[in-house]
Each structure stands twice: as structure tokens, then as C-alpha cells.
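# Close look at the chain arrangement
The residues making up each chain are set out below.
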Amino acid sequence: MSRSILSFIPSILILCLLSSVAEQVKMISKHTNRAIYTKYCFMTLLTTNVFLVFLSLFSPVFSQLYPFLVNQAKSQVLIVSILAIGILLSSIILYRLHQIQYNEDKHYQRIKKYEEIIHV
């Protein structure tokens, strides 16, 4: 894919993931419930996966996107299935990040119950 015009896609995703990893490492020492870069990272992944589904199904660039696969229906089904799983996982993570941001997650409730028990 290095000669393809679409080679910027993996590069952007790697940079996005690196910013998310850096934020997660930073959050170890500074506790917060707002993971801004992580949220944007998974929004980017979700958008990219949706974009790649449409390119894989409705565009002749399938062989440019996946030069290691034969341009057949089975290959397209495999790729669309993998992208659909990515869409599902990104959606779940974005939902969980939303819950964490607004203190609606299970772990926050457990922490609050624990604090009530020990009277903090």
C-alpha cells in the first residue's frame, strides 16, 4: 500500500492511537473521568471503519486497500465483517467513555458505596 494514495489512512490511525495511549499513561498519575484524546481516537476509528466499509463495497479501490487479498466476494465479506466488528467495538467503547465521563459507570457506583461504608 506504500504506493497507494490511501497510504495516509494507517499513518493517521497510528498517530491517533499514540495520542490515546499517551493520554491513558498520563491518566495513571492524574485521575480524571475525561479522556478527550481517547474519545476522539475512537470516533476517528469508528468513522474510518464506516468509510472503509463503503469503499470496500461500493468502490473499485478494494484491491488498492487490500492488495494481499483477491478481489472476490468472499474477501469482501471477510473485510466487511472485520470492519463491522471494529465499528461495534468502537461504539461500545464510546458508550463506556460517555458513562465514565458522567459518572454513570458501574465502577464509580462501587467506589461510592465503598466510601459510604468507610465513611469518607
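Within the chain, Asn103 stands out as a residue other than glycine whose phi angle is a positive 55 degrees. As for its position among the elements, Asn103 is in the loop between helix 4 (73–101) and helix 5 (106–118).

In this section: the environment of Ile79. For Ile79, the position within the fold is in helix 4. With 19 residues separating them in the primary sequence, Ile79 and His98 have C-alpha atoms 28 Å apart. Dropping the residues within four chain positions of it, Ile79 is found in contact with Ser56, Phe62, Tyr66 and Leu69.

Let us now look at helix 2 (residues 36–58). Taking 1.5 Å per residue as the helical rise, helix 2 with its 23 residues ought to reach 33 Å, and the 33 Å between its terminal C-alpha atoms agrees with that figure. Where helix 2 is buried, its residues touch helix 1 (8–29), helix 3 (62–65) and helix 4.

Before going further, it helps to examine the state of the cysteines. Inspection of every chain in the model, using the stated rule, returns 0 disulfides. Unpaired in terms of disulfides, Cys16 finds its nearest cysteine sulfur in Cys41, a separation of 3.3 Å. With a relative accessible area of 12%, Cys16 lands in the buried category.

Turning our eyes to something else, we now look at the side chain of Thr38. Among the secondary structure elements, Thr38 is positioned in helix 2. The class for Thr38 is buried, based on a relative accessible area of 5%. Within the structure, Thr38 has its side chain in polar contact with the side chain of Glu23 (distance 2.7 Å). Apart from residues no more than four positions distant in its own chain, Thr38 is found in contact with Ser20, Glu23, Gln24 and Leu97.

Where side chains of opposite charge bring their charged atoms close, a pairing between them can arise. Following the criterion strictly, the structure yields 1 salt bridge and no others. In this structure, the salt-bridge partner of Lys112 is Glu115, at a minimum N-O distance of 3.2 Å. Here Lys112 pairs with Glu115, and both are found in helix 5, just 3 residues apart, close to one helical turn. Accessibility expressed as a relative area gives 33% for Lys112, which makes it partly exposed. Accessibility expressed as a relative area gives 27% for Glu115, which makes it partly exposed.

Rules of the game
Residues numbered from 1 in each chain as written. Predicted model: local features only at pLDDT ≥ 70, side-chain atom pairs only at ≥ 80, totals over all residues. Heavy atoms only, no water. Helix = DSSP H or I, 4+ residues; strand = E, 2+ residues; numbered from the N terminus. Contact = heavy atoms within 4.5 Å. Expected span 1.5 Å × (residues − 1). Disulfide = S-S within 2.5 Å. Buried < 20%, exposed > 50% of the residue type's maximum accessible area, 1.4 Å probe, protein only. Polar contact = N/O pair within 3.5 Å; in protein donor to acceptor, adjacent residues only side chain to side chain. Salt bridge = Lys/Arg side-chain N within 4 Å of Asp/Glu carboxyl O.

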